[in-house]
Amino acid sequence: AQRVTQPEKLLSVFKGAPVELKCNYSYSGSPELFWYVQYSRQRLQLLLRHISRESIKGFTADLNKGETSFHLKKPFAQEEDSAMYYCASISSGSARQLTFGSGTQLTVLP
Amino acid sequence: DTEVTQTPKHLVMGMTNKKSLKCEQHMGHRAMYWYKQKAKKPPELMFVYSYEKLSINESVPSRFSPECPNSSLLNLHLHALQPEDSALYLCASSQDPAFSGANVLTFGAGSRLTVL
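Residues numbered from 1 in each chain as written. Chains lettered and ligands numbered in written order. Predicted model: local features only at pLDDT ≥ 70, side-chain atom pairs only at ≥ 80, totals over all residues. Heavy atoms only, no water.

Enquirer: Give a detailed account of the layout of surface pockets, specifying residues and quantitative values.
Expert: Considering only enclosed or pocket space, the largest pocket measures out at about 590 Å³ in volume. Residue lining of the largest pocket: 21 residues in total, with A:Q38, A:R41, A:Q42, B:L88 and B:R112 positioned closest to the centre. Listing elements by their share of the lining of the largest pocket, those giving two or more residues are β9 (83–90) of chain A together with β11 (111–115) of chain B. Here the residues of the lining of the largest pocket are counted per class, giving seven nonpolar, eight polar and six charged. (1 Å grid on protein atoms, 1.4 Å probe; cavity = no way out; pocket = protein on both sides within 12 Å on 5 of 7 lines; lining within 4 Å. Points joined across faces, edges and corners; volume = space filled by probe spheres on them. Helix = DSSP H or I, 4+ residues; strand = E, 2+ residues; numbered from the N terminus. Nonpolar A, V, L, I, M, F, W, Y, C, P; charged D, E, K, R; others polar.)

Enquirer: Hey, could you go over the interface of chain A and chain B for me, with residue numbers and the actual values?
Expert: The partner chain B presents 20 residues to the 17 residues of chain A that form the contact. Around 1,700 Å² of area is buried between chain A and chain B when both sides are counted, 57% of it from carbon and sulfur atoms. For chain A, the biggest contributors to the area lost against chain B are A:R43, A:L44 and A:Q97; these three give 32% of the whole. A:R43 is paired through a salt bridge with B:E3; the nearest N and O atoms lie 4.0 Å apart. (Contact = heavy atoms within 4.5 Å. Buried area = accessible area lost by both parts, 1.4 Å probe. Salt bridge = Lys/Arg side-chain N within 4 Å of Asp/Glu carboxyl O.)

Enquirer: Account for the state of the cysteines, naming residues and giving values.
Expert: Here the structure, examined in full by the defined rule, presents two disulfides over all chains. The disulfide bridge from A:C23 ends at A:C87, spanning 2.0 Å between sulfur atoms. The sign of the S-S torsion, about -65°, decides the handedness of the disulfide formed by A:C23 and A:C87: left-handed. Of this pair, A:C23 sits in the loop between β3 (19–21) and β4 (24–26) while A:C87 sits in strand β9, and the two are 64 residues apart along the sequence. With respect to burial, A:C23 and A:C87 carry one shared label: buried. A disulfide bridge connects B:C23 with B:C91, and the sulfur atoms are separated by 1.9 Å. Its S-S torsion of about -70° marks the bond between B:C23 and B:C91 as left-handed, since a negative value means left-handed. With B:C23 in strand β3 (residues 18–25) and B:C91 in strand β9 (residues 87–94), the pair connects residues that are 68 residues apart, well separated along the chain. On the accessibility criterion, B:C23 (2% relative accessible area) is buried. Looking at B:C91, the relative accessible area reads 0%, which means it is buried. There is no disulfide at B:C68, and the cysteine sulfur nearest it, in B:C23, is 9.2 Å away. (Disulfide = S-S within 2.5 Å. Buried < 20%, exposed > 50% of the residue type's maximum accessible area, 1.4 Å probe, protein only.)

Here is the structure:
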């Protein structure tokens, strides 16, 4: 079964430092990947999707098929970036569905 | 209106109670979803409705009964729940019923359920 793995449960960085949240996927075919974010007391919302190759709130994520990764990066972290970040994928096969990784709680320290 | 609205925000119920969670969207989305999220865990898919028909049931116990009265509304009927069913229940909707890389889910704020 296709899945995504987020190896870090917790990640702390200082304001202004670069941040990278890791996501690795296991896939047989073309992966369909997303990053969703859940700020404290706010609803889960889409941050990025790999097909769009966009930058949202300074975040980017590049699909690396060689390393089967879709890491989320931002060159200069801000305190308001503190949140839970979920990497998610669409599983292939007859029962396609959106499945979330275990999440990484990012804390940006002042 | 670009939101998914869930009511109630909080619900406390006993194991013998019958209650319902409600979800509403007016974005013309054709698919609606129920997810369950335990504390500090990712959301887990429960049900998917496509064009008002149940298309996915992730082996959810029958004490959870979904209902889609029309394209804008989604209910989750609760009966004889267990304390371990306490969680945040998230509703979501999407324009396209087919899960794909282009299909974005819009989530509600959730209903926090406590079963005593």
